[in-house]
Amino acid sequence: MARDERNVVNLDALIPRADLFGDHAPAIADDRTIRIADLEPCSTYDQLRKPDFQRETANWTPAQVASLVHTFANLDIIPSLVLWQNGPHIFVIDGAHRLSALIAWVRDDYGGGTISRDRFGGAIPGQQMAMHQEVQRLVKDGPGTWANFKARFPQFNMKGLDVQWIRDKTPQQAADAFIRINQGGTAIDRLEVRILRAPKAALSVATRAITRGGSGNEYWKHFRSDEAKADVHALGKEIHDLLFQPPLKTPIKTMDLPLAGAEYGMGVVRLCFDLVTLANGLKVAGSSSGSVTREAFPADETGSDTRLYLKRVRREIWRVLSNEPSSFGLHPGLYFYSSAGAFQPVALLNMIAWLRELEKRNALAKFRKARGRFEALVMAHPVIMKPPLHLLGTGGRSRPKMLKLFDDVLEAVAASDDLDAVWRSLGEDYKRLIGDEIEEADTVEAGAPGGTFKTETKSAVSLLELSSVPKCPLCGGLLHPNGKVMDHRDKKEHGGWSGVKDGRWVHPVCNSEREMDERDASAAAV
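Residues numbered from 1 in each chain as written. Predicted model: local features only at pLDDT ≥ 70, side-chain atom pairs only at ≥ 80, totals over all residues. Heavy atoms only, no water.

1. Here's the deal with the packing of helix α8 (residues 202-211) against helix α11 (residues 304-320)
Right, so step 1: Interaxial distance between α8 and α11 falls to 9 Å at its minimum, and their mutual angle equals 50°. One way to sum up the angle between α8 and α11 is to call them oblique. Between α8 and α11 the crossing geometry is right-handed. For the pair α8 and α11, the contacting residues are A202, L203, V205, A206, A209 and I210 in the first and D305, T306, Y309, L310 and V313 in the second.
Right, so step 2: For the contact of α8 with α11, a count of residues per class yields nine nonpolar, one polar and one charged. (Axes fitted to C-alpha atoms, helices over the stretch in contact; angles between N-to-C directions. Helix = DSSP H or I, 4+ residues; strand = E, 2+ residues; numbered from the N terminus. Parallel < 35°, antiparallel > 145°, perpendicular 65-115°, else oblique. Left-handed = near helix turned anticlockwise from the far one by under 90°. Contact = heavy atoms within 4.5 Å. Nonpolar A, V, L, I, M, F, W, Y, C, P; charged D, E, K, R; others polar.)

Spelled out as structure tokens, the structure:
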């Protein structure tokens, strides 16, 4: 069974980052061991750094972190660390998770302690804090806290991890060694290599600014412009909140869902990367063999490109779900979550791409006016927007076909109120839809006599309540708390009151385009 990426421990704050390519100074360290006592403040710990391009140290489950601590406390074998020194900094080339787990034990910080709170500006997600507390519980049931352990075994201060030093190498050689070593495992993939090989490129910085909500390591600190630094920080936080607030709780019990699922896990990095590339029309080549180079994505020294990339991402997210005038306020439960409650990132990316295409064709108004029927058809047949997850793939290959399907659905519902007839015609043109719908239904309905309800089943039952979600009185589409504004039934300029009887919730774009829609309706009636 695949690991739930939300159930990982965020140890990213425990070893600070630094520029691996800073002024090169020869190594002077020669210790063959990093002792556990060296991880206390005012010791070797203060020299430890991770390369600033390294992915987040957030890939182990609570059980894995606790197991490493238990293994060390039992004096069992732990693989050596690979370190490289540049001036006062000792960079961890391999073993950041192992070393961070021991630091976490020494500092009692598994993502929610003092170091983490300081590094993340106090912005600790609920799931991250839950994982911190879970490791604390597991460690307490095992070797116990470091404070108690060293009081019982003071001689343990001299125990440590073996070290292998990289010597007589340039920063670039150390960086290449890092990528080569980490590509040997399963925790690094092509996306990470792209980011790691161009850590100061606008694409990389923008991706990480959104992923961490502008908190944590300042990947933009090399910008020459202080204004750009402030803007990237603010934009990263704003986009992150638009995507992930309110926090997702499973099983799903409310229709007040975040746009993009949980804010935690490697899937978030991938989603943010894809959002930046899509919103900015970037073509990203490369593979795990390392064909992505710094030259392909030059460093953004001023911050102007990163700021522009983030503003374009924000514009696309605003249009999907926000209180901005351009927002369609699309309900995530209808458009972007599977029938079993799993967020489908490709569905979100497909919709963003489709809205961009509609805008190019001046067809957004057509969608807005037919939206009620469009959503009614999707609610009856969710497979239109969200085929079974394995059929969505990564999105690149399937997207043109999905966008063509959306176009055909829009044309059909714009021309007819008979949704049953529309579905039958779609079934003739897209024969896979019928099979996909049966497959999705079988998955959701799976169960066993006398069995307990799975989380997915509970979420599926809740998502059936979409039919009772309030609708926009102007377009007939579903309303979501993050994408609705108050509208006067009788316009203010016509004497509309500000009392309860004259107020109603509508989509922001329906509100901003109301006058134009009314003019078009009047002209059509003549």
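There is more to say after this.
2. Remarks on the sheet that holds strand β1 (residues 17-18)
Right, so step 1: Pairing within the open sheet is mixed, and its six strands lie in the order β1-β3-β5-β4-β6-β2. Pairing within the sheet leaves two strands with one partner each, and these edge strands are β1 and β2 (33-35).
Right, so step 2: Where helix α2 (residues 96-107) meets the sheet, its contacts fall on β2, β3 (48-51), β4 (81-86), β5 (89-94) and β6 (160-165), and the angle it forms with β5 comes to roughly 120°. (Pairing = 2+ DSSP bridges.)

3. Looking at helix α14 (residues 364-380)
Right, so step 1: Between its first and last C-alpha atoms α14 spans 23 Å; for 17 residues at 1.5 Å apiece the expected length is 24 Å, and the two agree.
Right, so step 2: When the local axis directions of α14 are compared, the greatest deviation, roughly 65°, occurs at R371.
Right, so step 3: Buried within α14 we find L364, F367, R368, A370, R371, G372, F374, E375, L377 and V378. (Expected span 1.5 Å × (residues − 1). Bend = angle between axes of the 7 residues up to and from the residue. Buried < 20%, exposed > 50% of the residue type's maximum accessible area, 1.4 Å probe, protein only.)

4. Regarding the pattern of salt bridges
When the charged atoms of two side chains lie near each other, side chains of opposite charge can form a pair.
Right, so step 1: Within the structure shown, the criterion is met by 24 salt bridges.
Right, so step 2: A salt bridge links E359 to R315, with the nearest nitrogen and oxygen atoms 2.4 Å apart. In this pair, E359 is assigned in helix α13 (residues 345-360) and R315 in helix α11, connecting sequence segments 44 residues apart.
Right, so step 3: Residue R315 is classed as partly exposed on the basis of its relative accessible area, which comes to 38%.
Right, so step 4: Its salt-bridge partner being R356, residue E316 comes within 3.0 Å of it at the nearest N-O pair. You can see E316 sitting in helix α11 and its partner R356 sitting in helix α13, a full 40 residues away along the chain. (Salt bridge = Lys/Arg side-chain N within 4 Å of Asp/Glu carboxyl O.)

5. Here's the deal with the environment of A299
Right, so step 1: Among the structural elements, A299 can be located in the loop between α10 (266-279) and α11.
Right, so step 2: With a relative accessible area of 40%, A299 lands in the partly exposed category.
Right, so step 3: In contact with A299, other than residues within four places in its own chain, are K200 and A201.

6. A few points about the confidence of the model for the protein chain
Right, so step 1: Confidence in the prediction for the protein chain averages 83 pLDDT; 83% of positions are at 70 or higher.
Right, so step 2: Per-residue pLDDT, averaged within each element of the protein chain, yields its smallest value for helix α15 (residues 389-392) (46) and its largest for α11 (97).
Right, so step 3: Every residue in residues 286-295 scores below 50 in pLDDT, and together they form 20 contacts with partners more than four places removed in sequence or on other chains.
Right, so step 4: Considering only residues more than four positions removed or in separate chains, one finds that residues 389-394, a stretch of pLDDT under 50, has 11 contacts. (pLDDT = per-residue confidence, 0-100.)

7. Let's talk about the packing of aromatic side chains
Right, so step 1: The tally for this structure, following the rule as stated, stands at 14 aromatic pairs.
Right, so step 2: Here W354 and F374 contribute two aromatic rings whose centre-to-centre distance is 5.6 Å and whose plane-to-plane angle is 20°, an arrangement assigned as stacked. Placement of W354 in helix α13 and of F374 in helix α14 is noted, with a sequence separation of 20 residues between them.
Right, so step 3: For W354, a relative accessible area of 0% gives the class buried.
Right, so step 4: Ring pairs connect the aromatic residues F72, W105, W146, F149, F153 and F156, which therefore count as one cluster. (Phe/Tyr/Trp six-rings, centres within 6.5 Å; stacked < 30°, edge-to-face > 60°.)

8. What to know about the side chain of N280
Right, so step 1: Residue position: N280 is located in the loop between α10 and α11.
Right, so step 2: On the basis of relative accessible area, N280 is assigned to the buried category, the value being 11%.
Right, so step 3: Of the polar contacts made by the side chain of N280, one reaches the side chain of R312; its length is 3.2 Å.
Right, so step 4: In this structure, N280 is in contact with L308, Y309, R312 and V313, ignoring residues within four places of it in sequence. (Polar contact = N/O pair within 3.5 Å; in protein donor to acceptor, adjacent residues only side chain to side chain.)

9. Digging into α13
Right, so step 1: Taking 1.5 Å per residue, 16 residues should reach 22 Å; α13 reaches 23 Å between its end C-alpha atoms and fits that length.
Right, so step 2: Of all 16 residues in α13, 12 are buried, a share of seventy percent or more.
Right, so step 3: Of the positions making up α13, those classed as buried are V346, A347, L348, L349, N350, M351, I352, A353, W354, L355, R356 and L358.
Right, so step 4: Taken from the residues just after α13, N362 is the one with a positive phi, measuring 55°.

10. A closer look at the nonpolar core
Right, so step 1: Counting 91 residues, the largest nonpolar core has F336, F367, F374 and L426 as its most contacted members.
Right, so step 2: At nine residues, the largest contribution of residues to this core is made by α13.
Right, so step 3: If we skip the residues at most four places from it in the chain, F367 touches F328, L330, Y335, W354, L355, L358, F374 and L410.
Right, so step 4: With 43 residues, the next largest nonpolar core counts I36, F72, A73 and W146 among its residues. (Core = buried A, V, L, I, M, F, W, Y, C linked by side-chain atoms within 4.5 Å.)

11. A word on the pairing of β5
Right, so step 1: Judged from the two bridges that link them, β3 and β5 form a sheet pairing that is parallel. What sits directly across from L48, in β5, is I90.
Right, so step 2: Counted between consecutive antiparallel strands, the loop separating β4 from β5 contains two residues, among which G87 sits at a positive phi close to 65°.

12. Let's talk about the environment of N10
Right, so step 1: Within the secondary structure, N10 is located in the segment before β1.
Right, so step 2: A polar atom in the side chain of N10 sits 2.9 Å from the backbone nitrogen of D12.

13. Observations regarding the side chain of N10
Right, so step 1: Since its relative accessible area comes to 0%, N10 is described here as buried.
Right, so step 2: Engagement of the side chain of N10 in a polar contact is seen with the side chain of Q128, the distance being 3.5 Å.

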